[in-house]
Amino acid sequence: MQPATHAVDAWWQGPPSDWLEQAVSIVGAATLALAIGPIMMATPDDASRTRGQAPPLAGGEIAAAETIAAFYSGITHTHSSDVKFSKPGGTDLTAHEVGWIGRPFKSPIYYGLRGIRWPEAGRIGGMVDFTHAKAISIREQSVRFTGTRNGKPADGAAKVGDTFRHLEFSHGHNMLTVNGLLRLGALTATVRPYVGGGLGVSLPHTEVQFLDDAKRTYEYQLTGGVGQALVGVELRLPRVSVFVEYKFSLAPYRVPLSGLDGGKHNAFLDFWGQLTRWWRGEEPEMGRLATNLATHHLIGGVGYRYEAAPAAR
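I will try to describe carefully the structure that is included in this document.

Cut-off values and rules
Residues numbered from 1 in each chain as written. Predicted model: local features only at pLDDT ≥ 70, side-chain atom pairs only at ≥ 80, totals over all residues. Heavy atoms only, no water. Helix = DSSP H or I, 4+ residues; strand = E, 2+ residues; numbered from the N terminus. Buried < 20%, exposed > 50% of the residue type's maximum accessible area, 1.4 Å probe, protein only. Contact = heavy atoms within 4.5 Å. Areas by Shrake-Rupley, 256 points an atom, 1.4 Å probe, with all protein chains shown as cover. Core = buried A, V, L, I, M, F, W, Y, C linked by side-chain atoms within 4.5 Å. Phe/Tyr/Trp six-rings, centres within 6.5 Å; stacked < 30°, edge-to-face > 60°. Lys NZ or Arg CZ within 6 Å of the ring centre and 35° of its normal.

### Here we look at the overall build of the protein chain
For step 1, the next point in the chain: Each helix and strand counted, the protein chain has four helices and 16 strands in total.
For step 2, the next point in the chain: Counting over 313 residues, the protein chain shows a buried share of 42%.
For step 3, the next point in the chain: Taking contacts inside the protein chain between residues at least 6 apart in sequence as the whole, the part at least 24 apart equals 76%.
For step 4, the next point in the chain: Of the roughly 15,600 Å² of accessible surface on the protein chain, a fraction of 65% belongs to carbon and sulfur atoms.

### Some words on the nonpolar core
For soluble globular proteins, nonpolar side chains are generally found buried alongside one another.
For step 1, the next point in the chain: Counting residues in each nonpolar core, the largest one holds 24 residues, and the members touching the most others are F85, W100, L167, F169 and L289.
For step 2, the next point in the chain: Elements represented by at least two residues in this core include exactly strand 2 (81-87), strand 3 (91-98), strand 7 (142-149), strand 10 (164-183), strand 12 (205-210), strand 15 (240-256) and strand 16 (288-307).
For step 3, the next point in the chain: Take this core: its biggest share by element is four residues, from strand 10.
For step 4, the next point in the chain: If we ignore the near neighbours within four places in the chain, the residues touching W100 are T78, H79, S80, S81, V83, A135, I136, S137, I138, L167, F169 and L293.

### Focus: the packing of aromatic side chains
For step 1, the next point in the chain: In this structure the tally under the stated criterion is 11 aromatic pairs.
For step 2, the next point in the chain: Summarising the aromatic geometry, the rings of Y72 and F243 are spaced 6.4 Å apart at their centres and angled 70 degrees between planes, so their arrangement reads as edge-to-face. Here F243 lies in strand 15 and Y72 lies in strand 1 (residues 66-78), a separation of 171 residues in the sequence.
For step 3, the next point in the chain: Between W100 and F169, the aromatic rings sit 6.1 Å apart at their centres with planes inclined by 45 degrees, giving tilted as the arrangement. Here F169 lies in strand 10 and W100 lies in strand 4 (residues 100-101), a separation of 69 residues in the sequence. Taken as a pair, W100 and F169 share a single burial class, namely buried.
For step 4, the next point in the chain: Taken together, the ring pairs in this structure connect F85, F145, F164 and F210 into an aromatic cluster.
For step 5, the next point in the chain: Directly above the ring of Y218 sits R216, whose terminal nitrogen or CZ lies 3.8 Å from the centroid.

Here it is as structure tokens:
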């Protein structure tokens, strides 16, 4: 039997199981219910007298214009996807239904930063949202390969870890989006649901290397667009907003496999290098990778709310 410390370390390093993700979701939902339950029992008159809380207008709008700076964390599930590799000289290879894990609690953890602006007496707002998730292939998974690699047929099945030294976006599966938000009818003066969606760019840290290749691609990259849709509930405390949210993102990755090892995790230098190589018309040395990452996010966060004084009416 393994010592307890080894067992804990194996669990921490390994992929999160379905029961763990379900348990975290249940605990998060129960915590939210316990937090907002007493507030939902309060009357709107009581809530509107809360210190630091802008009074609602008829129809549920907030009287004051608001700017919110927020931080969040959470868990993810990314659907399996086909991963296609192409390179002049005989590589047209597809790994089918590659599974991805997020390891949201292993450093660097899942996190997000956002800035939100709601106009005075407005239900429609805007948000800039940055999400740092991860998408790491499951090395123990056996996947089906079709096509050719270096001019040779590569049909058959093999474990991911027996084919790739690295196949992951672990620093991470990053997304920067500009979003529109819509406040729905207020549940109470302090509990307000919202929906939204937006478009942006994928900025992952790519780490890809075949087992028999001498070079790996290890750098921050711009790999295409991303879209997301979200629905959440905001709990309004004095000067603070607490929120829980579900969002779905779809990121079609088109990854240049440069064979360059950025090493120092300097995003600016990596992006600049990619831009200059594109401008010069250079083809990536190791070919290209294409896949579509469809991800579910369950997040919770907190934001500081700055409220401008409402205009006289």
